[in-house]
Amino acid sequence: MGNLDLVTIIIIAANVIISYKGFSDYGFFDKYKFNVGGVKRGEQVRLLSSGFLHADTQHLLFNMFSLYFFADVVIALLSPIQFLLVYFGSLLVGNLLSLYFHKNEYHYSAVGASGAVSGVIYSAILLQPGMNLYMFFIPIPIPAYIFGIGYLLYSIYGMKNRIGNIGHDAHFGGAVGGYLITLLLSPWLFETNLLMIVLLAIPIIILFGLKKLGKI
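Structure report, in brief. These figures come from a predicted structure and were not determined experimentally. (Residues numbered from 1 in each chain as written. Predicted model: local features only at pLDDT ≥ 70, side-chain atom pairs only at ≥ 80, totals over all residues. Heavy atoms only, no water.)

A few words on the overall build of the protein. Check the secondary structure of the protein and you find 11 helices and 4 strands. The dimensions of the protein, computed from C-alpha atoms along their principal axes, are 45 × 40 × 35 Å. Counting every position in the protein, which comprises 216 residues, the buried fraction comes to 52%. Looking at the protein alone, contacts between residues at least 24 apart form 77% of all its contacts between residues at least 6 apart. Surface accessibility of the protein: about 10,100 Å² in total, with carbon and sulfur atoms responsible for 69%. Distance between charge centroids for the protein: 13 Å, based on 12 positive and 9 negative side chains. (Helix = DSSP H or I, 4+ residues; strand = E, 2+ residues; numbered from the N terminus. Buried < 20%, exposed > 50% of the residue type's maximum accessible area, 1.4 Å probe, protein only. Contact = heavy atoms within 4.5 Å. Areas by Shrake-Rupley, 256 points an atom, 1.4 Å probe, with all protein chains shown as cover. Lys, Arg positive; Asp, Glu negative; His and termini not counted. Charge placed at Lys NZ, Arg CZ, Asp CG, Glu CD.)

As structure tokens, then:
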């Protein structure tokens, strides 16, 4: 993990350039962020463009840091083209889930690559469930699936508390997208990694359970 394939470099560069443009140009940011009213007016470009905008530098760094650690696993075990299918498919599914959750909130807006990154994380963990993460502020290796599950549990917290101008709903849609796309591309995982498939489904089930109960 943590290598930089050319495809990863291009995506990170696009996120940095477009996000910093949005930091200094509110008109640009407002035109391309995810907004329910805008999408319903026919501005479907927002479903993709919002994934390259971020609320602030910390938000951008967290998403790119996560992408850096997981992208090369997907590229190595699938292919660069299939990685792009996971990335953009997860981004799109994430924003479609946000649109579904907030379809009657015309003012609702969000930005971030979180949906795409969640999809890549889930894809990487499905493909290589035994990998560990070494993070500078934690002196012991962390199983990657713990990081992935924790990432989505934090998203539940963010959704419940409406933290920041961030598409927490998209985290889940992205995870679902990455999860399903990877299983479609690699059906052999049902034979080799069935336990991980079940574990990674837990936060997704929690989300939809809370939604059905009206807790989110």
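From this point, the discussion proceeds with the structure in view.
The next point concerns the pattern of salt bridges. For the structure shown, the criterion picks out 4 salt bridges. Across the pair Lys33 and Asp30 runs a salt bridge, and its minimum N-O distance is 3.0 Å. Of the charged contacts, one joins Arg46 and Glu43 as a salt bridge, the two residues approaching to 2.6 Å between their closest N and O atoms. Ionic contacts of the salt-bridge type, sharing partners, join the residues Arg41, Glu43 and Arg46 into one network. (Salt bridge = Lys/Arg side-chain N within 4 Å of Asp/Glu carboxyl O.)

Summed over all chains, the structure comprises 11 aromatic pairs. Ring geometry for Tyr26 and Phe29: centres 6.3 Å apart, planes at 25°, overall stacked. With Tyr26 and Phe29 both in helix 2 (residues 26-32) and 3 residues apart, the pair spans about one turn of that helix. Owing to a relative accessible area of 56%, Tyr26 belongs among the exposed residues under this scheme. Put simply, the rings of Phe52, Phe83, Tyr87 and Phe88 touch in pairs and so form one group of aromatic residues. Above the plane of the ring of Phe28 lies Lys21, whose end atom (NZ or CZ) is 5.7 Å from the centre. Here the guanidinium or amino end of Lys103 rests over the ring plane of Tyr100, the centre of that ring lying 4.6 Å away. (Phe/Tyr/Trp six-rings, centres within 6.5 Å; stacked < 30°, edge-to-face > 60°. Lys NZ or Arg CZ within 6 Å of the ring centre and 35° of its normal.)

Another point: the packing of helix 5 (residues 57-77) against helix 7 (residues 114-127). Remark: helix 5 packs on helix 7, axes separated minimally by 8 Å, with the N-to-C direction vectors making an angle of 35°. Crossing hand, helix 5 versus helix 7: left-handed. Residues His59, Asn63, Ser66, Leu67, Phe70, Ala71, Val73, Val74 and Leu77 of helix 5 touch helix 7, and the partners they reach there are Ser114, Val117, Val120, Ile121, Ser123, Ala124, Ile125 and Leu127. When grouped by side-chain class, the residues that make up the contact of helix 5 with helix 7 number 12 nonpolar, 5 polar and no charged. (Axes fitted to C-alpha atoms, helices over the stretch in contact; angles between N-to-C directions. Left-handed = near helix turned anticlockwise from the far one by under 90°. Nonpolar A, V, L, I, M, F, W, Y, C, P; charged D, E, K, R; others polar.)

Keep in mind that these numbers describe shape and distance, not what the molecule does.
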